[in-house]
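# A structural walkthrough
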Amino acid sequence: MATISPLILRTSPLCLWTPHSNKPLSSLPFFTIPKSKALSILCSTKMEGSEITEDVAENSGANEIVKKKIFVAGATGSTGKRIVEQLLAKGFQVKAGVRDLDKAKNSLSHDNPALQIVKADVTEGSEKLSEAIGDDSEAVICATGFRPGWDLFAPWKVDNFGTVNLVEACRKLGVNRFILISSILVNGAAMGQILNPAYIFLNVFGLTLIAKLQAEQYIRKSGINYTIIRPGGLRNEPPAGNIFMEPEDTLYEGTISRDQVAEVAVEALLHPEASYKVVEIVSRADAPKRSYEDLFRSIKQR
Ligand SMILES: NC(=O)c1ccc[n+]([C@@H]2O[C@H](COP(=O)([O-])OP(=O)(O)OC[C@H]3O[C@@H](n4cnc5c(N)ncnc54)[C@H](OP(=O)(O)O)[C@@H]3O)[C@@H](O)[C@H]2O)c1
């Protein structure tokens, strides 16, 4: 049975519309999708071993409901699971890439037929990631981050090589939309913040910010349509202010709710103004409320 979707096929088979605006999605860079994919509708779910899968049926009739599938890496993380929830709430299909399937079943609403959970460790190379992402994902959102532990190379393995592996998997598969959750201050040295305690702290432990910056540079050279989101300090609390968005290498302090970071990641998929951009975000009580179109448009491409 087809479920509610963000994308509704009208008049022409490739004229897709979003409920948030009156723009045809087929006019957006991210939504130049093959007709066969555009016409996929969700039919049923089933359990296969430890993996939750779903059946997708092709339907070529007009006025059909269609859904986009987004792969989320790091889907059991504090930001990743919020991204999954918000994508599902907006009617997307989600392929949640996780390291631990059991953990995912507890932390994600796996009874949602629009959610598929797959094993995906970003350190295991682009081949395995290609299999996890599959040929049915239209975009990748990367919300991974190394888990602190004894391995001093973990930031490089996850935040650098892991992200590079994801980008390579996208290239192999022809996935042309990539959203990365990075961090403010990744380029702290270049912006005169080399003595900023946060910059020092995060680099002392495994060169975390430098690892992230180099992964960003890899994405930017890849040719893939990217949006790199650099949030300030992440908070689990609900938003305490409006989103304040600035261009790269601007913000060096401030915090933001993970709910807002997830929202920016999802909205980036829906707004062509977010393409090929790096945005820095914090939450500020005194920031005016602005539309996402306005926020993304205010950032210049470099
Ligand atoms: N904390 C902050 O204040 C702050 C500020 C700015 C930017 N950031 C960045 O924002 C992003 C999200 O942060 P967060 O605090 O929400 O993340 P988090 O809760 O620490 O989650 C990190 C996610 O990455 C996954 N992960 C770790 N190693 C992996 C691997 N080898 N393969 C696949 N997945 C792996 C984890 O999987 P498991 O669940 O299996 O462990 C988890 O899902 C991170 O990149 C972080 O560096 C954080």
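Given the structure is predicted, the values throughout are model-derived calculations rather than measurements.

The next point concerns the nonpolar core. Ranked by internal contacts, the top residues of the largest apolar core, which has 75 residues, are V72, V140, I229 and A265. A per-element tally of this core places helix α8 (residues 258–270) first, with 8 residues. If sequence neighbours within four positions are ignored, V72 has contacts with G80, I83, V84, V94, A96, G97, I141 and A143.

Glancing now at the site of the ligand. If you check the shell around the ligand, you find 24 residues, and the closest are G74, G77, T79, G145 and S183. Sorting the residues of the shell around the ligand by element identifies α5 (154–173) and β12 (233–235) as the ones contributing at least two each. Classifying every residue of the shell around the ligand gives 7 nonpolar, 12 polar and 5 charged.

In this section: the packing of helix α4 (residues 126–133) against α5. α5 packs onto α4 with a crossing angle of 60 degrees between their chain directions and a minimal axis gap of 8 Å. Looking at the two axes, α4 sits oblique to α5. Where α4 crosses over α5, the handedness of that crossing is right-handed. In this structure, α4 uses S126, L129, S130 and I133 to contact α5, whose residues at the interface are N165, L166, E168, A169, K172 and L173. Here the contact of α4 with α5 is composed, by residue class, of 5 nonpolar, 3 polar and 2 charged.

Structurally, A285 can be placed in the loop between β15 (277–284) and α9 (292–297). Setting aside its immediate chain neighbours within four residues, A285 contacts A240 and G241.

Time to look at the confidence of the model for the chain. Reading fine detail from the predicted coordinates is not recommended where pLDDT is low. When pLDDT is averaged along the chain, the result is 83; 78% of the residues meet or exceed 70. Note on residues 1–65: pLDDT is under 50 here. Beyond four places in sequence and across chains, it has 113 contacts.

This part covers helix α7 (residues 208–222). In an α-helix there are 3.6 residues to a turn, and that puts residues three or four apart on one side. An ideal rise of 1.5 Å per residue puts 21 Å on 15 residues; α7 measures up with 21 Å between its terminal C-alpha atoms. Listed as buried for α7 are T208, L209, I210, A211, K212, L213, A215, E216 and I219. The elements touched by buried residues of α7 are α5, β10 (177–181), α6 (197–204) and β11 (225–231). Two residues or fewer after α7 comes G223, characterised by a positive phi angle close to 90 degrees.

Most of β11 sits out of view: 7 of its 7 residues are buried. Direction of pairing for β10 relative to β11: parallel, over a ladder of 5 bridges. Paired with R177 across the bridge in β11 is N225.

Moving on, we get to the environment of G206. Along the chain, G206 falls in the loop between α6 and α7. When the C-alpha atoms of G206 and P155 are compared, they prove to be 5.7 Å apart, with 51 residues separating the residues in sequence. Those residues in contact with G206 that sit more than four places away from it in its chain are L152, F153, A154, P155 and W156.

When glycine is set aside, most residues are seen to have a negative phi, and most peptide bonds are trans. Of note, L207 is a non-glycine position whose phi angle comes to about 50 degrees, a positive value. By the element assignment, L207 lies in the loop between α6 and α7. Positive phi outside glycine occurs at Y276, with the angle close to 55 degrees. Structurally, Y276 can be placed in the loop between α8 and β15.

Definitions and cut-offs
Residues numbered from 1 in each chain as written. Predicted model: local features only at pLDDT ≥ 70, side-chain atom pairs only at ≥ 80, totals over all residues. Core = buried A, V, L, I, M, F, W, Y, C linked by C-beta atoms within 7 Å. Buried ≥ 20, exposed ≤ 12 C-beta atoms within 10 Å, placed from the backbone. Helix = DSSP H or I, 4+ residues; strand = E, 2+ residues; numbered from the N terminus. Contact = placed C-beta atoms within 7 Å. Near = placed C-beta within 6 Å. Nonpolar A, V, L, I, M, F, W, Y, C, P; charged D, E, K, R; others polar. Axes fitted to C-alpha atoms, helices over the stretch in contact; angles between N-to-C directions. Parallel < 35°, antiparallel > 145°, perpendicular 65-115°, else oblique. Left-handed = near helix turned anticlockwise from the far one by under 90°. pLDDT = per-residue confidence, 0-100. Expected span 1.5 Å × (residues − 1). Pairing = 2+ DSSP bridges.

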